[in-house]
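# Observations on the three-dimensional arrangement
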Amino acid sequence: MSSAGLSRSEIMQIVNRYIGVTQGFLGDFTYRTHAEFYPEYCDLDIDPDSLEGTTRERFIAIVSDLEPQAQARIVRGVTERFPVGGPESPETRTEELQNKLLRWADRLHGVVVDGKIPRTSRSDVLLAIEDTETLLKSRSGAPVSVDRVHTTLHAYLIGECETAGINHDDGAPISKLLKEMRAHHPKLAAAPASNTARTQQILQSFGQALDALNPLRNQASMAHPNEGLLDSTEAQLVINAGRTILTYLDARLSE
């Protein structure tokens, strides 16, 4: 298993504190429902009946041997299969612990840039961020979230252009909006003393990355009926790039 996977302590917290164990058996799992859990809740082809032991022992063995992204599916599947406040849930299965598990799933899935809430009054930005967080916690994860990250950035940039009185074409792509802001927004056009040519080069490179976000959104996301979605790793790259530029802009424009 990859070193970035769940630690032994995290696995035992899932088993003992979140799901709960009674007489060696995991939650209300029977051998049949435990076998059905993996395809139904995690979209994984796993046969626990090939292992010896109780449902608890089998679950621990399965999770311990999986790669991080498969572990993330199981963690999210566990929170769906065993909701907080569910029947016969242990007292230790709290909303706080559930949120901890979901953060582990995010880490395992590789989406490492936080979805920061920017300084904005636009409801479409806030709704798109909320949608992104919900989709990232779903079984499909990052690939179905790319469209919402694009919407977040697009709506945010339009709002900041309008607030600063910067003219922009209707339907302008996000790379064009960023270029207009860099040229005309007083907090971006007037670079601080610490802003070197190299940092400007990084920002310009992000503008080029945003050029690629439009076709990716149109041709490889759930924005339109597309058969070929980005795979998980590539989708994570797109999401992290979008979130990084949003975090930078919000920090600079909030000064």
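Residues numbered from 1 in each chain as written. Predicted model: local features only at pLDDT ≥ 70, side-chain atom pairs only at ≥ 80, totals over all residues. Heavy atoms only, no water.

### A short note on the packing of aromatic side chains
For the structure shown, the criterion picks out 5 aromatic pairs. On the basis of an interplanar angle of 75 degrees and a centroid distance of 5.1 Å, the ring pair of F37 and Y38 is categorised as edge-to-face. This pair shows no difference in class: F37 is buried, exactly as Y38 is. Each member of the aromatic cluster is reached from another via a ring pair, and the members are F29, F37, Y38, Y41 and F82. A cation over a ring is seen here: R81 above F82, with NZ or CZ 4.7 Å from the ring centre. In this structure, R93 is placed above the aromatic ring of Y18, and the distance from its NZ or CZ to the ring centre is 5.4 Å. (Phe/Tyr/Trp six-rings, centres within 6.5 Å; stacked < 30°, edge-to-face > 60°. Buried < 20%, exposed > 50% of the residue type's maximum accessible area, 1.4 Å probe, protein only. Lys NZ or Arg CZ within 6 Å of the ring centre and 35° of its normal.)

### Section: unusual backbone geometry
The phi angle at Q23 is positive, at roughly 50 degrees, despite the residue not being glycine. Mapped onto the elements of the fold, Q23 is located in the loop between β1 (21–22) and β2 (25–26). Overall, the relative accessible area of 76% leaves Q23 in the exposed class. One non-glycine residue, D43, adopts positive backbone phi at about 55 degrees. Checked against the element boundaries, D43 lands in the loop between α2 (31–41) and α3 (55–65). (Helix = DSSP H or I, 4+ residues; strand = E, 2+ residues; numbered from the N terminus.)

### Focus: the nonpolar core
By size, the foremost hydrophobic cluster in this structure holds 31 residues, and its most contacted members are I14, F37, F59, I74 and V78. The set of elements that each furnish at least two residues to this core consists of α1 (8–19), α2, α3, α4 (68–81) and α5 (95–109). Apart from residues no more than four positions distant in its own chain, F59 is found in contact with I14, V15, I19, L26, H34, F37, Y38, I74 and V78. Membership of the second largest hydrophobic core comes to 30 residues, among which are L136, A155, C161 and L177. (Core = buried A, V, L, I, M, F, W, Y, C linked by side-chain atoms within 4.5 Å. Contact = heavy atoms within 4.5 Å.)

### Focus: the environment of A155
Here A155 lies in helix α7 (residues 146–163). For A155, a relative accessible area of 5% corresponds to the buried category. Taking the C-alpha atoms as reference points, A155 and A172, separated by 17 residues in sequence, lie 11 Å from one another.

### Here we look at α2
Here α2 has its buried residues at T33, H34, A35, F37, Y38 and Y41. Where α2 is buried, its residues contact α3 and α4. Among the residues trailing α2, D43 stands out with phi positive, at a value near 55 degrees.

### Remarks on the side chain of Q71
Looking at where Q71 falls in the secondary structure, it is placed in helix α4. In this structure the side chain of Q71 is engaged in a polar contact, spanning 2.8 Å, whose partner is the backbone nitrogen of L6. (Polar contact = N/O pair within 3.5 Å; in protein donor to acceptor, adjacent residues only side chain to side chain.)

### Topic: α4
With 14 residues, α4 ought to run about 20 Å at 1.5 Å a step, and its terminal C-alpha atoms sit 20 Å apart, in line with that. Those residues of α4 lying buried are P68, A70, Q71, A72, I74, V75, R76, G77, V78, T79 and R81. Those residues of α4 hidden inside the fold are in contact with α1, α2, α3, α5 and α6 (123–136). (Expected span 1.5 Å × (residues − 1).)

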